[in-house]
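# Report on the structure
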Amino acid sequence: MNQTSPRLLFIGCMFLFVFMYAPLLVVIVFSLTPTEYGVSWEGFTLKWYQAVLDNKNIQAALKVSLMVAIPCVLISTAIGTITAFTLYRSRFFGRALYQGIIYIPLIMPDLVIGISLLLFYTSIKLELGVLTILLAHISFTIPLTTLVIIARMQRIDRTLEDAAMDLGADEWTTMRKVTLPLLKPGILAAALLAFPWSFNDFVITFFVSGVGSSTLPIRVYSMIRLGVSPVINALGTLIVVIPLILVVIGLLLERRRV
Amino acid sequence: MGIVVYYSFLTRGPWGTVIHEFTLDSYRLILDPLFLKIFARSVKLAVLAVVICLLAGYLIAYWIAFYGGKRKNFLMFLVILPFWTSYLVRIYAWIALLSDHGLINNFLIEVHLIYAPLPLLHNEFSVLVGLVYTYLPFMILPLYASLERLDRSVLEAASDLGATARERFFRVTLPLTKGGMLSGSVLVFAPAIGEFLIPELLGGAKAMMIGKFIALKFIGLRHWPLGSTYSLMLLTMTLILLYLYMRIGGGKEAYQEQR
């Protein structure tokens with residue numbers, strides 16, 4: 001710190017950082033000790049993690065989650081790239097309106113998105129299940145991927161593209177050989193950031209998943225309703241830590257300069 | 001372009017469906033006293049969450065922007081990070097902390113400060129804690145951005161002209177960061193008012209909020225038209241709020257640029 005900050009301000013901030021991180025730390029710490037509740041640390045154990053890995057329901061839910069998250073990331077990153085190109089490069093009628101529509105899901109309450117999608121799927125007689133979850137996830141991750149890729153596009157030096165064209169490349173070759181490689185970190189970041197959105201989503205999935213298929217968050221939710229348990233602590237730790245690694249990589253890529 | 005059309009179809013189609021579903025009956029039920037009570041409570045909790053986030057968020061954003069030094073980026077990273085972790089697990093963590101056999105009650109009993117567990121969970125207090133905890137980053141980000149943009153020479157000028165630290169803060173810093181405060185408030189209020197999971201897990205029956213009420217109508221009672229009407233109301237409110245914000249915010253930015 002190059003300046004001494006007023007002590008009160010500093011203490012207040014530390015308190016708030018504790019507020020932001022303590023709950024997660026509690027979950028992580030108590031997933032590693034044999035006690036069910038309590039304020040005492042009673043030695044180190046991995047038995048709750050073993051219980052998580054052995055649980056058939058959790059395995060099934062993890063499979064559904066990955067079946068949704070992986071295709072979702074691929075498709076919505078692709079659509080996001082195309083959308084970003086369309087919005088950034090071409091001027092067409094209704095562009096501003098379209099841009100607005102893309103951003104609406106970012107601020108719309110999840111509940112409303114979930115309900116609208118549920119009504120939509122039932123009205124076109126689509127059976128609720130993995131497919132509807134996937135479609136829903138694609139639709140709410142597109143705004144995110146589009147936004148991240150557009151942000152990257154704005155930092156690309158357009159003279160490079162002009163140079164390629166001047167040197168005789170046609171538009172398609174320019175895009176493939178110049179623009180896309182420059183965009184690559186942005187596209188990768190979008191994919192890495194979209195993954196946890198899809199993987200962690202609860203509210204929207206809650207509405208569009210049928211009876212048979214539940215993703216990991218839905219599974220955790222039904223476990224939570226039965227009460228606090230160290231198995232949830234262990235599972236929660238895994239759910240928090242693993243996607244976080246992807247996010248850290250994604251954010252670092254996003255920050256890197258062109 | 002085909003995909004583009006497909007996408008706009010996905011986001012917009014549902015509203016049409018909702019509109020086809022309602023009859024006037026559901027609209028009459030908006031005036032249902034139970035609904036109005038829940039609605040009032042949701043507004044109250046969301047406003048309280050905004051106020052607390054505003055105070056706490058300003059503290060953090062101010063500290064990072066003015067005293068963060070070289071660690072600014074890292075500190076902001078710490079602020080954003082929880083946002084990317086599972087929201088369900090984070091809310092669950094509060095159950096583990098606040099319940100009758102939770103960490104806080106157990107600790108207080110162990111040190112003999114209290115003898116019976118405090119009722120921390122399943123009331124408006126726990127819902128409020130959950131809301132503030134979940135949406136605090138949404139407040140810090142715009143506040144930080146506006147504090148960062150603040151021209152430091154204006155602050156120096158204020159001091160040179162004899163303003164005390166307090167005067168400088170209230171008459172220069174605060175008015176100049178109004179934009180950030182406004183964006184942050186909208187970003188916290190909009191999701192907080194429609195929140196479903198927090199009242200569901202932390203609220204219990206005593207702290208029902210509109211989001212949980214709608215979900216109950218949908219999933220529990222399968223009363224789709226009524227649920228749709230309520231959610232349409234929620235959506236309308238959010239959009240009006242956003243529109244007002246863009247009007248005010250847009251005007252203000254133009255004003256700031258003029259100066």
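For the structure, check the block above.
Residues numbered from 1 in each chain as written. Chains lettered and ligands numbered in written order. Predicted model: local features only at pLDDT ≥ 70, side-chain atom pairs only at ≥ 80, totals over all residues. Heavy atoms only, no water.

In an α-helix, one turn spans 3.6 residues, which is why side chains three or four residues apart end up on the same side. Here helix 1 (residues 7–30) of chain A is 24 residues long and its end C-alpha atoms lie 32 Å apart, about the 34 Å a rise of 1.5 Å per residue gives. Roughly 40° is the biggest bend found in helix 1 of chain A, and it falls at Tyr21(A), with proline Pro23(A) one to four residues downstream. For helix 1 of chain A, every residue scored as buried is listed here: Leu9(A), Gly12(A), Cys13(A), Leu16(A), Phe17(A), Phe19(A), Met20(A), Pro23(A), Leu24(A), Val26(A), Val27(A) and Phe30(A). Residues of helix 1 of chain A that are buried sit in contact with helix 11 (230–255) of chain A together with helix 3 (33–67), helix 4 (72–80), helix 5 (87–98), helix 6 (103–110) and helix 7 (124–149) of chain B. (Helix = DSSP H or I, 4+ residues; strand = E, 2+ residues; numbered from the N terminus. Expected span 1.5 Å × (residues − 1). Bend = angle between axes of the 7 residues up to and from the residue. Buried < 20%, exposed > 50% of the residue type's maximum accessible area, 1.4 Å probe, protein only. Contact = heavy atoms within 4.5 Å.)

On to the pattern of salt bridges, then. Residues and elements named next belong to chain B. Applying the stated rule across the entire model yields four salt bridges over all chains. Among the ionic pairs, lysine 44 bridges to glutamate 124, the shortest N-O distance being 3.0 Å. Note that lysine 44 is positioned in helix 3 and glutamate 124 in helix 7, a separation of 80 residues in sequence. The exposure class of lysine 44 is partly exposed, given its relative accessible area of 41%. (Salt bridge = Lys/Arg side-chain N within 4 Å of Asp/Glu carboxyl O.)

Another aspect to go through is a nonpolar patch on the surface. Residue and element names in this part refer to chain A. Together, Leu62, Leu66, Ile70, Leu74 and Ile75 make up a nonpolar patch on the protein surface, roughly 410 Å² of accessible area in all. Topologically, isoleucine 70 is positioned in helix 3 (residues 56–89). For isoleucine 70, a relative accessible area of 45% translates into the label partly exposed. (Patch = residues over 30% accessible without salt bridge, like charges linked within 9 Å, V, L, I, M, F, W, Y side chains within 5 Å. Areas by Shrake-Rupley, 256 points an atom, 1.4 Å probe, with all protein chains shown as cover.)

Chain A puts 76 residues into the contact, and the matching count from chain B is 76 residues. On the surface where chain A and chain B come into contact, there are zero salt bridges. The tally of links between chain A and chain B comes to four residue pairs in polar contact (both at pLDDT 80 or more). Take the side of chain A that touches chain B: its biggest share by element is 15 residues, from helix 1 of chain A. Of the residues that constitute the side of chain A that touches chain B, the class distribution is 59 nonpolar, 15 polar and two charged. (Polar contact = N/O pair within 3.5 Å; in protein donor to acceptor, adjacent residues only side chain to side chain. Nonpolar A, V, L, I, M, F, W, Y, C, P; charged D, E, K, R; others polar.)

Within the structure shown, the criterion is met by 18 aromatic pairs over all chains. Centre to centre, the rings of Phe202(A) and Phe196(B) are 6.5 Å apart; their planes meet at 5°, and the pair counts as stacked. With Phe202(A) in the loop between helix 8 (171–200) and helix 9 (203–208) and Phe196(B) in the loop between helix 10 (178–193) and helix 11 (197–203), this pair bridges two chains. Among the residues examined, Phe196(B) registers a relative accessible area of 3% and is labelled buried. Note on Tyr58(B) and Tyr62(B): the rings are 6.4 Å apart at their centroids and 20° apart in plane angle, and the pair reads as stacked. One end of the pair is Tyr58(B) and the other is Tyr62(B), both in helix 3 and four residues apart, which spans about a single turn. With a relative accessible area of 8%, Tyr58(B) lands in the buried category. Classification of Tyr62(B) by relative accessible area gives buried; the value is 15%. Across the ring face of Phe66(B), the terminal group of Arg152(B) is positioned such that the distance to the ring centre comes to 4.3 Å. (Phe/Tyr/Trp six-rings, centres within 6.5 Å; stacked < 30°, edge-to-face > 60°. Lys NZ or Arg CZ within 6 Å of the ring centre and 35° of its normal.)

As far as function goes, none of this settles anything; it's purely spatial.
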